Amino acid sequence: MGMYVVELGLLVVGAVLLVVGYRRNRRNMLVAAALVLLASGAVPELVTGFTDGRANADARPLAALQR
């Protein structure tokens with residue numbers, strides 16, 4: 001549920017930046033809108049992959065390996 005809210009929030013912020021940047025002819029706002037919209041699509045998979053990797057990691061401290 002939390003990731004859904006973040007994704008939706010980034011989508012809304014990106015859309016607002018896109019409209020405002022287009023109306024005011026501000027290129028920097030348009031670039032920011034493109035990056036935020038890109039992040040809104042990529043963040044859920046990034047977080048899911050990170051949490052899955054963390055949960056399935058078999059890492060041990062280096063000191064345990066040197067015995």
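Residues numbered from 1 in each chain as written. Predicted model: local features only at pLDDT ≥ 70, side-chain atom pairs only at ≥ 80, totals over all residues. Heavy atoms only, no water.

## Focus: helix α2 (residues 27–55)
Move 1: With 29 residues, α2 ought to run about 42 Å at 1.5 Å a step, and its terminal C-alpha atoms sit 41 Å apart, in line with that.
Move 2: In α2, a bend of some 40° at Ala42 exceeds every other bend along the element, and Pro44, a proline, comes one to four places later.
Move 3: The complete set of buried residues in α2 reads Ala33, Val36, Ser40, Val43 and Pro44.
Move 4: On its buried side, α2 packs onto α1 (2–24). (Helix = DSSP H or I, 4+ residues; strand = E, 2+ residues; numbered from the N terminus. Expected span 1.5 Å × (residues − 1). Bend = angle between axes of the 7 residues up to and from the residue. Buried < 20%, exposed > 50% of the residue type's maximum accessible area, 1.4 Å probe, protein only. Contact = heavy atoms within 4.5 Å.)

## Some words on α1
Residues three or four positions apart in an α-helix share a direction because the helix packs 3.6 residues into each turn.
Move 1: For α1, which comprises 23 residues, the first-to-last C-alpha distance of 33 Å matches the rise-based estimate of 33 Å (1.5 Å per residue) to within 8%.
Move 2: Residue Asn25 follows α1 closely and has a positive phi angle near 60°.

## A few points about the packing of α1 against α2
Move 1: Two elements in contact, α1 and α2, have axes whose closest approach is 7 Å; the angle formed by their N-to-C orientations is 165°. When the interaxial angle is binned, α1 and α2 end up roughly antiparallel. Helix-helix and strand crossings are classified by hand; for α1 and α2 the assignment is left-handed. (Axes fitted to C-alpha atoms, helices over the stretch in contact; angles between N-to-C directions. Parallel < 35°, antiparallel > 145°, perpendicular 65-115°, else oblique. Left-handed = near helix turned anticlockwise from the far one by under 90°.)

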